[in-house]
Amino acid sequence: MFVALRDIRFARGRFALMGAVVTLITTLVVFLYGLTGGLAREASSAVSGLPVDRIVFGAPAGASPEVSFSNSTIGPEQRRAWAQAPGVSSAEPFGVAMTRLTAGRTAVSVSAFGASDALLPALVSGHAPQPRKGQAAVSESTARENGIRVGDRVTLGTERLTVSGLTADRSFGHAPSVWTSLPTWERVSHQQHPTALAVKGDGTPRDTSTGSDSGAAPDASASARTTTKAVSVDAALAGIDGYAAEHGTLQLIQGFLFAVSALVVGAFFTVWTVQRKPDIAVLKAVGASSAYLVRDALAQALVVLVAGAALGGAAGVAGGALAAASVPFELGAATVTVPVLAMVALGLAGSALAVRRITSVDPLTALGATR
């Protein structure tokens, strides 16, 4: 790296400018990556946090089931069929509906979930809602922001309920979740049947020669016997209105930023290689091999990329931590590690395409043979 470091010191202004560009792009990608994770959590954590293997969507007789919480409904026959299916240890029905929670003089849009205690998020305080007592459990952040305490009376939709407990924060469709029993949920949502089934396998291995899942995956043949469609929990997130479009758009922007970073770094080192052509010819004339010069150039690119990406990652984390108070931002190890590593890898790929010109430099040009 002798030549690489000398070049950086000699043209520190140019390399500082390139490093600043890498820093800014990395900061933007880190912030966007954290925002994507935060928005995904706000839109789906109530579903993704369910302790089950499959989500089963249903449809009325004659209709085709689809992965959609707004269009799904589960009848008694479908529930019994899944509860009795081979490989299924439990098939818990649950309902989902968007409504309003009114407490005192405040009102907030919430997602109302009707489910058994087995699907309830972890309780922070209080106890699970009792089916016959008109109770509900409110997420901790919602209770804190609206001054709700255990034992308070609130209105969920048009039903007057008592807050039995506070749960860990979960949300659905960017609305905080309120959990109650299924009979209470039916009164709140004015629906006669639950929305979907949360199915858990019994872990019994099955014959894979038939093409069915093995291990904890429930027997997919139950879908064929009923008008239902079973998917994994991750695949079920696409059934949340707007989730796929929102998540896909943000991921597309991330992809474009990564592509732009590779092009920008590649363009910089292409120009830099062209400008250094006489110097490269001199080095070759005194015995430096093309392989040595390519390794040196890639090491030079690595230094710029690592320094710029590290600064950009730190700036993204700092900005995300400040913004987390007002916007959903997922701050974790992956939020920084994935964008930084991707920036370095793609930048090196772009640099490798640029510095290949080194192998075609004729050392005779150093002696003026082509001038």
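Residues numbered from 1 in each chain as written. Predicted model: local features only at pLDDT ≥ 70, side-chain atom pairs only at ≥ 80, totals over all residues. Heavy atoms only, no water.

1. Some details on the packing of aromatic side chains
The final tally for this structure, using the stated rule, is nine aromatic pairs. Ring centres 5.7 Å apart and planes at 75° place the aromatic pair F15 and F268 in the edge-to-face group. You can see F15 sitting in helix α2 (residues 12-48) and its partner F268 sitting in helix α8 (residues 243-275), a full 253 residues away along the chain. With respect to class, F15 is no different from F268; both count as buried. Aromatic side chains F113 and W179 sit 4.6 Å apart centroid to centroid with 25° between the ring planes, which places their arrangement in the stacked category. Residue F113 is located in strand β3 (residues 106-114), and its partner W179 is located in strand β9 (residues 175-180); the two are separated by 66 residues in the primary sequence. With a relative accessible area of 1%, F113 lands in the buried category. A residue is classified by how much of its surface remains accessible, and W179, at 2% relative accessible area, is buried. (Phe/Tyr/Trp six-rings, centres within 6.5 Å; stacked < 30°, edge-to-face > 60°. Helix = DSSP H or I, 4+ residues; strand = E, 2+ residues; numbered from the N terminus. Buried < 20%, exposed > 50% of the residue type's maximum accessible area, 1.4 Å probe, protein only.)

2. Considering the pattern of salt bridges
Taken as a whole, this structure holds three salt bridges when the rule is applied. Between E42 and R41 there is a salt bridge whose closest N-O contact spans 3.7 Å. The class for E42 is partly exposed, based on a relative accessible area of 27%. Look at R41 and you get partly exposed, because its relative accessible area is 32%. Close ionic contact of R41 with E330 constitutes a salt bridge, the shortest N to O distance being 2.7 Å. Of the two residues, R41 is situated in helix α2 and E330 in the loop between α10 (290-323) and α11 (333-355); the sequence distance between them amounts to 289 residues. Given a relative accessible area of 33%, E330 falls into the partly exposed group. One network of salt bridges, in which partners are shared, links R41, E42 and E330. (Salt bridge = Lys/Arg side-chain N within 4 Å of Asp/Glu carboxyl O.)

3. Thoughts on the confidence of the model for the protein
Close inspection of predicted coordinates is inappropriate in any region flagged by low pLDDT. On average, residues of the protein carry a pLDDT of 85, and 89% of them reach 70 or more. Here residues 205-219 is a poorly scored stretch, pLDDT under 50, and it has 27 contacts once near neighbours within four places are set aside; other chains count. (pLDDT = per-residue confidence, 0-100. Contact = heavy atoms within 4.5 Å.)

4. So, the pairing of strand β5 (residues 135-139)
Summarising burial for β5: five of the five residues are buried, a large majority. Pairing of β5 with strand β7 (residues 159-167), which is carried by five bridges, proceeds in the parallel orientation. When the sheet's bridge partners are listed, A136 is paired in β7 with V163. Here β5 pairs with β9 via three bridges, running antiparallel. Each residue of the ladder has a partner; that of A137, found in β9, is W179. (Pairing = 2+ DSSP bridges.)

5. Re the pairing of β7
Most of β7 is tucked away: seven of the nine residues are buried. Where strand β4 (residues 123-126) lies against β7, three bridges are found, and the strand directions are antiparallel. Along β7, the bridge assignment pairs S125 with L166. Pairing of strand β6 (residues 153-156) with β7 involves four bridges; the strand directions are antiparallel. Paired with R153 across the bridge in β7 is T162. In sequence, β6 turns back onto β7 through a hairpin of two residues, with G157 there showing a positive phi of about 70°.

6. Quick look at the packing of α2 against α8
It is at 10 Å that the axes of α2 and α8 come closest, and there the two elements cross at 170°. By the angle between their directions, the pair α2 and α8 is classed as roughly antiparallel. (Axes fitted to C-alpha atoms, helices over the stretch in contact; angles between N-to-C directions. Parallel < 35°, antiparallel > 145°, perpendicular 65-115°, else oblique.)

7. Let's talk about the packing of α2 against α10
At a closest axis distance of 7 Å, the pairing of α2 and α10 adopts a crossing angle of 40°. Between α2 and α10, the angle is such that the two are oblique. By crossing handedness, the relation of α2 to α10 is classed as right-handed. Looking at side-chain class alone, the contact of α2 with α10 contains twelve nonpolar, eleven polar and no charged residues. (Left-handed = near helix turned anticlockwise from the far one by under 90°. Nonpolar A, V, L, I, M, F, W, Y, C, P; charged D, E, K, R; others polar.)

8. Re helix α9 (residues 277-285)
For α9, the set of buried residues is I280, A281 and K284. Along α9, the residues classed as buried sweep out an arc of 100° about the axis, all on the same side. Of the surrounding elements, those touching the buried residues of α9 are α8 and α10. One or two steps after α9, the chain reaches G287, where phi turns positive at roughly 115°. (Arc of directions from axis to C-beta.)

9. A short note on the nonpolar core
The biggest cluster of nonpolar side chains holds 27 residues, and the ones touching the most others in it are I55, F69, F94, F172 and W179. Excluding its chain neighbours within four sequence positions, the residues that come into contact with W179 are A46, L50, F113, A115, L119, L120, P121, P129, A136, A137 and T167. I25, L32, W272 and V304 belong to the second largest nonpolar core, which has 24 residues in total. (Core = buried A, V, L, I, M, F, W, Y, C linked by side-chain atoms within 4.5 Å.)

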